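The residues making up each chain are set out below.
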Amino acid sequence: MTNRILPDLGFHHVALRCRDIEKSLAMYKALGMTEVARWGEGSGLIVMLDIGDGGRMEMFANGSDEYHENGKWQHFALHTADVDGAYALALKAGFLPHIEPKTVPLASSPAPMSIHIAFVKGPDNEQLEFFCEV
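Residues numbered from 1 in each chain as written. Predicted model: local features only at pLDDT ≥ 70, side-chain atom pairs only at ≥ 80, totals over all residues. Heavy atoms only, no water.

Draft legend 1. Spotlight on the pairing of strand β8 (residues 127–133). Within β8, five of the seven residues are buried, which leaves it mostly tucked inside the rest of the structure. Where strand β7 (residues 113–121) meets β8, seven bridges bridge the pair, whose relative direction is antiparallel. Within the sheet, the bridge partner assigned to I117 lies in β8 and is F131. (Buried < 20%, exposed > 50% of the residue type's maximum accessible area, 1.4 Å probe, protein only. Helix = DSSP H or I, 4+ residues; strand = E, 2+ residues; numbered from the N terminus. Pairing = 2+ DSSP bridges.)

Draft legend 2. Layout of the pairing of strand β1 (residues 10–17). Within β1, six of the eight residues are buried, leaving the element largely enclosed by the surrounding structure. When β1 meets strand β4 (residues 56–60), the two strands line up parallel, connected through five bridges. Considered in β4, the bridge of A15 is made with E58.

Draft legend 3. Seen up close, the pattern of salt bridges. Applying the stated criterion to the full structure yields three salt bridges. Linking E35 and R38 is a salt bridge whose minimum nitrogen-to-oxygen distance equals 2.7 Å. Its salt-bridge partner being E133, residue R56 comes within 2.8 Å of it at the nearest N-O pair. Remark: E133 occurs in strand β8 and R56 occurs in strand β4; sequence separation between them is 77 residues. Exposure remark for R56: the relative accessible area of 14% places this residue in the buried category. The network of salt bridges with common partners includes K29, E35 and R38. (Salt bridge = Lys/Arg side-chain N within 4 Å of Asp/Glu carboxyl O.)

Draft legend 4. Structural context of helix α2 (residues 83–92). Among all positions of α2, only V83, A86, Y87 and A90 are buried. Projection of α2 onto a plane perpendicular to its axis shows the buried side chains occupying an angular sector of 100°, all on one side. The inward-facing, buried residues of α2 contact β6 (96–106), β7 and β8. Taken from the residues just after α2, G94 is the one with a positive phi, measuring 110°. (Arc of directions from axis to C-beta. Contact = heavy atoms within 4.5 Å.)

The structure is reproduced here in structure tokens:
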């Protein structure tokens, strides 16, 4: 079913904070997920995996013991070509601003890429990201 308000809106990725990112990467890669890009290093390492259908999982290396019991999903990301419009619509719907729309160049490998993103917070303080590779 097509979204009638934002027709191109779709799932892009979910993000997970990992206490041991190398262990997590090995386990998820064993499920057939493939690494699309990585940037940063040490506790700032971030890795993006393709889950197999174009949807992605983003892993952050800076998880801590507070996430041990249940894990910690960082945010839920939706792909849209109109990040700015989706952000404005979310604010109008009552979401709280978190990170205004911005373009971020990533020194990722195997190739550099840039993304246009914005974040809002929902009623339970959950983060929703609007995401577009540019």
